[in-house]
Amino acid sequence: MVSPNSPLGPIRDAFEREYDDAVVYADRESEDVLHEGPVRIGANGWVELPSGRLISPSAVHHVDERP
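Scope of this entry: the structure provided in the associated data block. (Residues numbered from 1 in each chain as written. Predicted model: local features only at pLDDT ≥ 70, side-chain atom pairs only at ≥ 80, totals over all residues. Heavy atoms only, no water.)

1. Overview of the sheet that holds strand β1 (residues 17-25)
Consider a sheet: its strands pair through backbone hydrogen bonds, and that pairing is either parallel or antiparallel. The criterion, for reference: Here a strand pair is declared whenever DSSP counts at least two bridges between the two strands. The helix and strand labels rest on DSSP assignments: H or I over at least four residues marks a helix, E over at least two residues marks a strand, and numbering proceeds from the N terminus.
Pairing in this open sheet of five strands is antiparallel, and the strands run β4-β3-β2-β1-β5 from one edge to the other. The open sheet is flanked by β4 (54-55) and β5 (62-65), the only strands paired with a single partner. Relative to β5, β1 runs antiparallel, the two being bridged by four bridges. Counted as the bridge partner of Val-23 is Asp-64 from β5.

Encoded structure:
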């Protein structure tokens, strides 16, 4: 992830996403839930949880934002 003070900030903002309420799934069928709640998806594909833990992009199939 890029530092918030980096001159790359605008580029980072174009590729990183934050969701206040989302579900992170490990499978196509949306049966294996890895996390529910706020997440930040980095430009490199890593999913950051509020606790600071990271979920590898290879473990995540998709993320659904809750309305």
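So that's the structure; there's more coming.
2. Describing the side chain of His-35
Worth spelling out the cut-off: Per-residue accessibility, obtained with a 1.4 Å probe over protein chains only, is compared with the maximum for each type, and a residue is labelled buried under 20%, exposed over 50%, and partly exposed between these values. Think of a polar contact as two N or O atoms within 3.5 Å of one another; within protein, one of them needs to be a possible hydrogen donor and the other a possible acceptor, and neighboring residues in sequence only count if both atoms come from side chains. In what follows, residue pairs with any heavy atoms lying within 4.5 Å of each other are defined as contacts.
With respect to the helices and strands, His-35 occurs in strand β2 (residues 33-41). Since its relative accessible area comes to 15%, His-35 is described here as buried. One polar contact links the side chain of His-35 to the main-chain carbonyl oxygen of Pro-38, over a distance of 3.1 Å. The contacts of His-35, once residues within four sequence positions are left out, are Ala-22, Val-23, Val-24, Leu-49, Pro-50 and Ile-55.

3. Remarks on the environment of Ser-30
The residue Ser-30 is located in the loop between β1 and β2 in this model. Look at Ser-30 and you get partly exposed, because its relative accessible area is 30%. Beyond its immediate stretch of four places on either side in the chain, Ser-30 contacts Tyr-25 and His-62. A distance of 3.2 Å separates a polar atom in the side chain of Ser-30 from a polar atom in the side chain of His-62.

4. Looking at the environment of Glu-65
Note that Glu-65 resides in strand β5. Classification of Glu-65 as exposed rests on a relative accessible area of 53%. For the pair Glu-65 and Val-24, spaced 41 residues apart in the sequence, the C-alpha separation amounts to 8.8 Å. Contact partners of Glu-65, with chain neighbours within four places excluded, come to Tyr-19, Asp-21 and Ala-22.

5. Here we look at the nonpolar core
The condition is simple: Note on terminology: a nonpolar core comprises buried Ala, Val, Leu, Ile, Met, Phe, Trp, Tyr and Cys residues joined through side-chain atoms within 4.5 Å.
Within the largest apolar cluster, nine residues are counted, these being Tyr-19, Ala-22, Val-24, Val-39, Ile-41, Val-47, Leu-49, Ile-55 and Val-60. Elements supplying a minimum of two residues to this core: β1 and β2. At three residues, β1 tops the list of elements feeding residues into this core.

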